[in-house]
Amino acid sequence: MKIPINLKAGEVDKEEKREVIIGIDLGTTNSLVAYADGDEVIVIRDESGSNALVPSILHFGADGVVVGDTARKKLISAPERTIYSVKRLMGKSYADLESLKSSVGYNVIDQDTEALVKIEIDGKYYTPIELSAEILKELKKRVEKHLKTEVSKAVITVPAYFNDAQRQATRDAGKLAGLEVLRIVNEPTAASLAYGIGLSKEEEKTIVVYDLGGGTFDISILQIQNGIFEVLATHGDTYLGGDDFDKVIIDYWLSQIELSSEDLNNDKSLGQEFRTKAEEAKKTLSNSENYTSAIGAYALQLDRKTFAHISEALINKTLHACKLAMKDAGLSKKDINQVVLVGGSTRMPLVKSAVSEYFDQKADDSLDPDEVVAIGAAIQADILAGNRKDLLLIDITPLSMGIETVGGLMDVIISRNSKVPTRAGRQYTTSVDGQKNLKIAVFQGERDLVQHNRKLGEFILKDIPPMPAGIPKIEIKFILDADGILTVKASELRSNVETQMEIRSAYGISEEDMARMLIDSLQNAESDMKTKALLESINEANNILLATDRFLEQNKSALKEDQVSQIIELKEELLASTKGDSKDKIEAAMQAMNTYTEPLAHEALDRNIGKALKDSKV
Ligand code: ADP
Ligand code: MG
């Protein structure tokens, strides 16, 4: 045994403890935490040692907040003080959430439709970030109790489609919980790491991650190459999960007995009893052929065959999303090397067989589907801790990002499906003489006009030294980091004036919005293109008008009177054409102006050269 001695202090050095970075799966329904210990990954369980899942539910009781199973038990007795599905609220504004509000028992605040959503309990307001932080604190507490030491660093997973605002919100929740979030990792990426896919650089694989949780369904197609993880496509349904299977079971039972769904709505605790029994039936059928039970005098029964029948539509929905994702990725089934099952609901034999059949290969369920994502997060944490050879994780950005330019046009700087981290830049200039400030408005979306896209934020590049229009060289840089968080920098290169901001969007884009924006952009491509062409012509015409004014000003003395009046007439025609919506008329007016002024401009140029030569006294 070696004993390290600190020679200066003359003391025995304390054993250097390896720092643990934890991996967290912050789920909609359940959350869990894990860490790597050598080659092993330890998933933290409760006292009984059997359950690793912490229900993502909070209850505000008399003596503060409780999280997990205890909170879950309060769903019925105190619905207005018991919060679930917080993940759905992350990075969202009230406007994003109209549909959700009616379906939850707690109070979602709607004063300011553009601000981030808040939840009210006993006259106090909580943001989803604070609420998620409570769940994270609980996980942190559990792991600290297990390790008997403090932890302060974490990797947290999010769905691959999470946008900038949602990732930021998740990161902030970590900070609030006293955790430095070293990396936000996509859930499917974590799942593949858990399966050991991508841990060797030589490996080349295309895999499908099928994740059916409690309330959401996500399908992701990843390509792993040279240790690089690329999300080729993601699809899914943010309102499809295990809960819906419970619902079809309840509906089936109600059809058998003298009760209606209205009765369950009116008697909340009866409703909850049915939900509990339905979930129990579903889980039982994952291991046995038949389920029987009773609620009071009502006998409840369900067999596998009936369950298969009543849940067929739900499973088909997920397969349809698989089809769309495969299409997006441009792949066929034979290109898929492995299909990985994630999420508690993939325990259903029906799901396993349907997915295996759909992809023509046995779906991999060798790891516990509840734990896969947390295990992967722990492996990523271990990589970041420097305990494994470094691997690069590459994701894609789901929507284009750009800035507003003259006329409300969207100028894309980082395009949709770009690999992150990435950076891109472009140069712009001013359109007005002596312009001192330039507003930079950043947008996300696929449409040509910013008004149809989502604003991420704006800032002003100030104190540009006065220069004629067109002279300043303004460089705008977009830097998208590995977590998918955007920083925008603007600088005037001639004067070195610089400003930058991390884009913290006032509100995020919901998946529904994202899907809608993509569909819109396809449907409106033609009309957008026309509008874009028109706006471009107007911009060009305005530039010609400005240039003409300058020309008239500079050549006042040399121009003949009829020439001046002819130019003014052409100017008026051009100006008038820009007020209409005919691109052709504008083009014709520009053409007329150019034809007339070109020879005059040449003459002026010759005059000026002659003058310059004379002035320089050669
Ligand atoms: P999330 O990722 O949304 O937090 P989970 O992956 O924890 O969700 O999945 C929770 C869902 O899994 C619940 O709907 C639960 O009923 C379901 N589930 C858990 N175990 C089983 C099982 N043995 N059979 C069927 N469904 C199950
Ligand atoms: Mg999950």
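Before any of the text, the structure's been laid out above.
Right, let's walk through the structure included here. (Residues numbered from 1 in each chain as written. Chains lettered and ligands numbered in written order. Predicted model: local features only at pLDDT ≥ 70, side-chain atom pairs only at ≥ 80, totals over all residues. Heavy atoms only, no water.)

With that settled, consider the site of ligand 1. In the vicinity of ligand 1, 17 residues are found, and the nearest of them are Thr-29, Asn-30, Glu-279, Lys-282 and Ser-286. For ligand 1, an oxygen atom lies 2.6 Å from a polar atom in the side chain of Glu-279. The protein chains hide 90% of the 580 Å² of surface that ligand 1 would expose on its own. The biggest single contributor to the shell around ligand 1 is helix H8 (residues 268-285), with three residues. Grouping the amino acids of the shell around ligand 1 by side-chain chemistry returns one nonpolar, 11 polar and five charged. Looking at the shell around ligand 1, you find at least three residues from each of domain 1 (19-195 + 369-384) and domain 2 (242-309). (Near = heavy atom within 4 Å. Polar contact = N/O pair within 3.5 Å; in protein donor to acceptor, adjacent residues only side chain to side chain. Areas by Shrake-Rupley, 256 points an atom, 1.4 Å probe, with all protein chains shown as cover. Helix = DSSP H or I, 4+ residues; strand = E, 2+ residues; numbered from the N terminus. Nonpolar A, V, L, I, M, F, W, Y, C, P; charged D, E, K, R; others polar. Domains from an automatic or database assignment.)

Taken in spatial order, the four strands make up an open sheet running E24-E23-E27-E28, and their pairing is antiparallel. Every other strand in the sheet has two partners, leaving strand E24 (409-414) and strand E28 (454-461) as the edge strands with one partner each. For this sheet, the mean angle separating the axes of adjacent strands, direction not counted, is 30°. As judged from the three bridges shared by strand E23 (residues 401-405) and strand E27 (residues 438-444), these two strands associate in the antiparallel manner. The residue bridging Gly-402 from the neighbouring strand is Phe-443, located in E27. (Pairing = 2+ DSSP bridges. Axes fitted to C-alpha atoms, helices over the stretch in contact; angles between N-to-C directions.)

Helix length check: H8 (18 residues) gives 26 Å between terminal C-alpha atoms against 26 Å at 1.5 Å per residue, within 8%. When H8 is considered as a whole, its buried residues turn out to be Leu-270, Gly-271, Phe-274, Lys-277, Ala-278, Ala-281, Lys-282 and Leu-285. Summarising the axial view, the buried residues of H8 lie within an arc of 140°, below the 170-degree limit, and thus occupy one face. With respect to the buried face of H8, the exposed residues turned more than 90 degrees away are Lys-268 and Lys-283. Its buried side turned inward, H8 meets helix H6 (242-256), helix H7 (261-266), strand E18 (290-295), strand E19 (298-303), helix H9 (304-310) and helix H11 (349-359). (Expected span 1.5 Å × (residues − 1). Buried < 20%, exposed > 50% of the residue type's maximum accessible area, 1.4 Å probe, protein only. Arc of directions from axis to C-beta. Contact = heavy atoms within 4.5 Å.)

This part is about the pairing of strand E8 (residues 64-67). Relative to E8, strand E7 (residues 58-61) runs antiparallel, the two sharing four bridges. Following the sheet pairing, Gly-61 is matched in E8 by Gly-64. The antiparallel hairpin formed by E7 and E8 contains two residues in its connecting segment.

Next up on the list: the pattern of salt bridges. By the definition in use, this model includes 24 salt bridges. Its salt-bridge partner being Asp-246, residue Lys-282 comes within 2.9 Å of it at the nearest N-O pair. Of this pair, Lys-282 sits in helix H8 while Asp-246 sits in helix H6, and the two are 36 residues apart along the sequence. What makes Lys-282 buried here is its relative accessible area of 8%. The partner of Arg-347 in a salt bridge is Asp-370, and the shortest N-O contact between them spans 2.8 Å. Of this pair, Arg-347 sits in the loop between strand E20 (338-342) and H11 while Asp-370 sits in the loop between H11 and helix H12 (372-384), and the two are 23 residues apart along the sequence. Each of Arg-72, Glu-279 and Lys-283 takes part in one network of salt bridges that share partners. (Salt bridge = Lys/Arg side-chain N within 4 Å of Asp/Glu carboxyl O.)

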